Amino acid sequence: MRLPLAFFLCFCSAAQAETVVATRTIRAQQIISADAVRLDPAQVPGAYDSLEKVIGLEALYAVYPGRALMVGTVAEPAVIDRNQVVEIIYNQGGLRIATEGRALGRGAVGDRIRVMNVSSRTTLFGTIAEDGTVLVAQ
């Protein structure tokens, strides 16, 4: 038995996608909380469609009330800020060297940032570990 085309089109259009929208101003580098976003029944291409995907993340740019949260405007929260004193660790085989450094960038776990060795003033690249240290390898 075939369903009439009109019934099929009406049934399919009832299922509409939702978009995550800011309820208040979300400033850059602010962690997105549940009260800062809501679902809107409109569909915006390139925007998030689930609250779970954005709550707990950090805004990379300011998002104003009523605006959709687009993919690329949020990221994992930063654990290291620019100019923060960090521990730089170099591991190679059985050798482990740890020294104090200064972060020259801002980043989350797994991000690659520049750090400066405070004692030698050498600039290095390293990856941020879960404990907030910066792992370098050369």
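Residues numbered from 1 in each chain as written. Predicted model: local features only at pLDDT ≥ 70, side-chain atom pairs only at ≥ 80, totals over all residues. Heavy atoms only, no water.

Trainee: What exactly am I supposed to notice about the sheet that holds strand S5 (residues 85-92) here?
Mentor: Strands pair in a sheet through their backbones, by hydrogen bonds, and they do so in one of two ways: parallel or antiparallel. Reading around the barrel, the five strands line up as S5-S6-S7-S8-S9 and close back on themselves, with mixed pairing between neighbours. Averaged over all pairs of adjacent strands, the angle between their axes in this sheet comes to 50°, without regard to strand direction. Here S5 runs beside strand S9 (residues 134-136); their pairing, made up of three bridges, is parallel. Residue pairing in the sheet places Ile-89 in a bridge with Leu-135 of S9. (Pairing = 2+ DSSP bridges. Helix = DSSP H or I, 4+ residues; strand = E, 2+ residues; numbered from the N terminus. Axes fitted to C-alpha atoms, helices over the stretch in contact; angles between N-to-C directions.)

Trainee: I tried to follow the pairing of strand S6 (residues 95-103) on my own but got confused; where do I start?
Mentor: Moving residue by residue along a regular strand, the side chains alternate between the two faces of the sheet. Examined bridge by bridge, S5 and S6 share eight bridges and lie antiparallel to one another. Within S6, the residue paired with Tyr-90 across the bridge is Ile-97. Between S5 and S6, which pair antiparallel in sequence order, lie two residues; one of them, Gly-93, sits at a positive phi of approximately 60°. Strand direction decides the pairing type here: S6 and strand S7 (residues 112-117), joined by three bridges, are antiparallel. Opposite Ala-103, over in S7, you have Val-115 as the bridge partner.

Trainee: Would you explain the environment of Ser-33 in this entry?
Mentor: Mapped onto the secondary structure, Ser-33 falls in the loop between strand S1 (19-22) and strand S2 (37-40). Residue classification places Ser-33 among the partly exposed residues on the basis of a relative accessible area of 24%. Placed 24 residues apart in sequence, Ser-33 and Leu-57 show a C-alpha to C-alpha distance of 8.4 Å. Leave out the neighbours within four places in its chain, and Ser-33 touches Arg-24 and Ile-55. Within the structure, Ser-33 has its side chain in polar contact with the side chain of Asp-35 (distance 2.4 Å). (Buried < 20%, exposed > 50% of the residue type's maximum accessible area, 1.4 Å probe, protein only. Contact = heavy atoms within 4.5 Å. Polar contact = N/O pair within 3.5 Å; in protein donor to acceptor, adjacent residues only side chain to side chain.)

Read these as spatial facts, not as claims about activity.
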